[in-house]
Amino acid sequence: MEKLTLKRTERTLLLKYVGEITLEITGELKHRLDAELADETVKAVVVDLSGVSFMDSSGIGFLVSVNTRMRSSGRCFYLYQLSPAVEKTLGLVQLLSFFAILKDECALAAVCG
């Protein structure tokens, strides 16, 4: 999965994926994320969606699931730099307000500290 980049700071995991987030890839994304979240020092996850050209319903479900899971465990979940395609998709299903969205590098730096 060369299109996936994972970067750790002290307590934050930054996940960046480039390409299409579809049913074919969401299982692998979940597997990789689950492995990272086993480390309970991770208190926040930031998903960079700037390079995502398309996202289907399984991609939306993946994001909703991770957001819900993180919140229920007292951790934080953020989306960062939505691509136009992702912003349109999440807007169509009225989920933009469901997520905490970081708009710029200053907001990201405040989270990643």
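Look above for the structure.
Criteria and thresholds
- Residues numbered from 1 in each chain as written.
- Predicted model: local features only at pLDDT ≥ 70, side-chain atom pairs only at ≥ 80, totals over all residues.
- Heavy atoms only, no water.
- Phe/Tyr/Trp six-rings, centres within 6.5 Å; stacked < 30°, edge-to-face > 60°.
- Helix = DSSP H or I, 4+ residues; strand = E, 2+ residues; numbered from the N terminus.
- Buried < 20%, exposed > 50% of the residue type's maximum accessible area, 1.4 Å probe, protein only.
- Lys NZ or Arg CZ within 6 Å of the ring centre and 35° of its normal.

1. A closer look at the packing of aromatic side chains
And then number 1: Under the counting rule described, the total for this entry stands at 2 aromatic pairs.
And then number 2: Between Phe77 and Phe99, the aromatic rings sit 6.3 Å apart at their centres with planes inclined by 55°, giving tilted as the arrangement. Note that Phe77 is positioned in strand 6 (residues 76-80) and Phe99 in the loop between helix 3 (84-92) and strand 7 (100-102), a separation of 22 residues in sequence. Here Phe77 and Phe99 have matching classes, each one buried.
And then number 3: Taken together, a centroid distance of 5.1 Å and an interplanar angle of 85° make the contact between Phe98 and Phe99 edge-to-face.
And then number 4: Directly above the aromatic system of Phe98 lies the positively charged group of Arg71, at a separation of 5.5 Å from the ring centroid.

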